[in-house]
Amino acid sequence: FVSFQGMTPETATSMMIMGQALIFLIPVIMAVLLTSSPARTLRLSLPAPRHLALAVIFPFALNPLVNLLGYYVQQLFPISSTTEQALKQMISGNTTLLAAVFCFALLPAICEETAFRGFILSGLQRRYRPLTAILLSSLMFGFLHVLISIYQQLFNATLLGIVLGLLAVRSRSLL
């Protein structure tokens, strides 16, 4: 949130990378310093092939629901012109397709999954039942996206967090 405040089109990419680096580094450092097994805490193990298959199938299976939910969210909470303009500035200009995919897809996937389905979900599972831990971490994941785009991503990010949380708990793997 703080990194977006002083962002200009020229600094958008570097600010995005810095924000994601913080989301990634803080849980990794905490896992190393505060746990006896950082790899287990962050769920850094290979999943069973069936869980990999589910991870490939889920995006296609959930796409119609996500599109429908996105339509209704946009109707209820239209994106502000300021946010829309900021997003257009971030993806316009001299940003290559490769840089856009890295900044908006690959980097957030790695950093946010490490934080939310790795460190946070593992910590919540020590105190709560798995379903409660998944729901709490998913709500946190959704509210992280509220900081960036108000309510447009809250519902989709929370839904995605639930699905990814279930998969992470069942497979015991972040991958």
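For the structure, see preceding data.
What you see is a predicted model, and the numbers here were worked out from it, not measured in a lab.

1. Section: the overall build of the protein chain
Regarding its fold elements, the protein chain presents eight helices and zero strands. For the protein chain, the α and β elements follow one another from N to C terminus as α-α-α-α-α-α-α-α. Put simply, the protein chain has 175 residues, and 33% of those count as buried. Within the protein chain, contacts between residues separated by at least 24 positions form 74% of all contacts whose residues are at least 6 apart in sequence. Counting every atom, the protein chain has about 11000 Å² of accessible surface; 71% of that belongs to carbon and sulfur.

2. Here we look at the packing of aromatic side chains
One pass over the full model with this rule turns up two aromatic pairs. Look at tyrosine 71 and tyrosine 72: their rings are 5.3 Å apart centre to centre, the planes differ by 70°, and that puts the pair in the edge-to-face class. Overall, tyrosine 72 belongs to the partly exposed group, its relative accessible area being 47%. Between phenylalanine 116 and phenylalanine 141 the ring centres are 5.3 Å apart and the planes differ by 65°, which places this aromatic pair in the edge-to-face class. Taken as a pair, phenylalanine 116 in helix α6 (residues 97-127) and phenylalanine 141 in helix α7 (residues 130-149) lie far apart in primary sequence, 25 residues in all. On the basis of relative accessibility, which here comes to 7%, the residue phenylalanine 116 falls in the buried class. One residue, arginine 117, lies across the ring of phenylalanine 141, its end atom 4.3 Å from the ring centre.

3. Quick notes on the packing of α6 against helix α8 (residues 154-171)
Orientation of α6 relative to α8, taken along the N-to-C sense of each, is 65°, at an axis distance of 11 Å. In this view, α6 runs roughly perpendicular relative to α8, as classed from their interaxial angle. Two packed elements cross with a definite hand, and for α6 against α8 that hand is right-handed. Of the residues in α8, those in contact with Glu113, Arg117, Leu121 and Gln125 of α6 are Gly161, Leu164, Gly165, Ala168 and Val169. Across the contact of α6 with α8, the residue classes break down as four nonpolar, three polar and two charged.

4. Let's talk about the pattern of salt bridges
In this structure the tally under the stated criterion is one salt bridge. Glutamate 113 is the salt-bridge partner of arginine 117, the closest N and O atoms lying 2.8 Å from each other. Of the two residues, arginine 117 and glutamate 113 both sit in helix α6, four residues apart, roughly one turn of that helix.

5. Observations regarding unusual backbone geometry
Positive phi values are uncommon outside glycine, yet arginine 43 reaches one of about 60°. Within the secondary structure, arginine 43 sits in the loop between α3 (38-41) and α4 (49-76). On the accessibility criterion, arginine 43 (7% relative accessible area) is buried. Phi is positive for arginine 172, close to 60°, though the residue is something other than glycine. With respect to the helices and strands, the residue arginine 172 is situated in the segment after α8. The exposure class assigned to arginine 172 is exposed, which follows from its relative accessible area of 63%.

Rules used throughout
- Residues numbered from 1 in each chain as written.
- Predicted model: local features only at pLDDT ≥ 70, side-chain atom pairs only at ≥ 80, totals over all residues.
- Heavy atoms only, no water.
- Helix = DSSP H or I, 4+ residues; strand = E, 2+ residues; numbered from the N terminus.
- Buried < 20%, exposed > 50% of the residue type's maximum accessible area, 1.4 Å probe, protein only.
- Contact = heavy atoms within 4.5 Å.
- Areas by Shrake-Rupley, 256 points an atom, 1.4 Å probe, with all protein chains shown as cover.
- Phe/Tyr/Trp six-rings, centres within 6.5 Å; stacked < 30°, edge-to-face > 60°.
- Lys NZ or Arg CZ within 6 Å of the ring centre and 35° of its normal.
- Axes fitted to C-alpha atoms, helices over the stretch in contact; angles between N-to-C directions.
- Parallel < 35°, antiparallel > 145°, perpendicular 65-115°, else oblique.
- Left-handed = near helix turned anticlockwise from the far one by under 90°.
- Nonpolar A, V, L, I, M, F, W, Y, C, P; charged D, E, K, R; others polar.
- Salt bridge = Lys/Arg side-chain N within 4 Å of Asp/Glu carboxyl O.

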